[in-house]
Amino acid sequence: MNILDFDQASIVYFTVSPLELMLRGTLLYWFLFIVLRFILRRDVGSLGISDFLFIVIIGDAAQNGMIGSATSVTDGMVLICTLVFWSYLLDFASFRFPLIQRFTAAPRLCLVRDGKLLRKNMRREFITDEELNAKIRHEGIEDITTVKRMYLEADGEMSLIRNDEPGTAA
């Protein structure tokens, strides 16, 4: 068998309807967007092993649902273009329309106010004392009472505002 012996048509011709590929890509894009927007919000320094495993498994499951029985390069290109389209459109719409941005980006969440931990908010995002204290130390602060505010931002990162006067809680 020669290396060049393969069905060249099967590489470039559609094996599944482009409309079906776009529909599958659209449905799974929006499903994954909603799951990731409302479940995997935080990024307390880095991705945990369980978070990484979750993303890999989702990717594998989504791939099977999106591609179906499609096998050609052209099928894959249509699917990729569909996903890029939705990603770009969502970013553009979020930039242009505040109402859409409120849906696509989680509001910031206060974790520390005037040196006091807001445990209810920490529980809501499953943030442990250890994770929060590590972030505070990373900012060069030894004592939580010197923290005026600490927020979990929309992108999952934490931001910190120090008190104007060290050692006092305003």
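This is a predicted model, so every value here is computed, not measured.

Undergrad: Which parts of the structure should I look at to understand the overall build of the protein chain?
TA: Scanning the protein chain for helices and strands turns up seven helices and four strands. Sequence-ordered secondary structure for the protein chain, helices as α and strands as β, is α-α-α-α-α-β-β-α-α-β-β. Out of the 170 residues belonging to the protein chain, those deemed buried represent 32%. Within the protein chain, contacts between residues separated by at least 24 positions form 62% of all contacts whose residues are at least 6 apart in sequence. When the accessible surface of the protein chain is totalled, it reaches about 11500 Å², and 64% of it is carbon and sulfur.

Undergrad: Before we go on, may I ask you to explain the sheet that holds strand β1 (residues 109-113) in this structure?
TA: Backbone-to-backbone hydrogen bonds pair the strands of a sheet. The strands run either parallel or antiparallel. With respect to topology, four strands assemble into an open sheet ordered β2-β1-β3-β4, the strand pairing being antiparallel. One side of each edge strand has no neighbouring strand; the edge strands of this open sheet are β2 (116-117) and β4 (158-162). As paired strands, strand β3 (residues 147-152) and β4 are joined by five bridges and run antiparallel to one another. Bridge pairing in β4 links R149 to I161. Sitting on the sheet, helix α7 (residues 129-138) is in contact with β1, β2, β3 and β4, with an inclination near 115 degrees to β3.

Undergrad: Honestly, the pairing of β3 in this entry has me stumped. Any pointers?
TA: Consecutive side chains of a regular strand alternate in pointing toward one face of the sheet and then the other. Pairing of β1 with β3 involves four bridges; the strand directions are antiparallel. Directly across from R113, in β3, lies its bridge partner R149. The hairpin turn running from β3 into β4, its antiparallel successor, is five residues long, and G156 in that turn takes a positive phi close to 95 degrees.

Undergrad: Quick question: what am I supposed to make of the side chain of S72 here?
TA: Along the chain, the position of S72 falls in the loop between α3 (49-67) and α4 (73-96). Side-chain polar atoms of S72 contact the backbone oxygen of Y13, separated by 2.9 Å. There is a polar contact of 3.1 Å between the side chain of S72 and the backbone nitrogen of D75. Aside from chain neighbours lying at most four places away, what touches S72 is S10, I11, Y13, F14 and T15.

Cut-off values and rules
Residues numbered from 1 in each chain as written. Predicted model: local features only at pLDDT ≥ 70, side-chain atom pairs only at ≥ 80, totals over all residues. Heavy atoms only, no water. Helix = DSSP H or I, 4+ residues; strand = E, 2+ residues; numbered from the N terminus. Buried < 20%, exposed > 50% of the residue type's maximum accessible area, 1.4 Å probe, protein only. Contact = heavy atoms within 4.5 Å. Areas by Shrake-Rupley, 256 points an atom, 1.4 Å probe, with all protein chains shown as cover. Pairing = 2+ DSSP bridges. Axes fitted to C-alpha atoms, helices over the stretch in contact; angles between N-to-C directions. Polar contact = N/O pair within 3.5 Å; in protein donor to acceptor, adjacent residues only side chain to side chain.

Function cannot be read off these values alone, since they describe shape.
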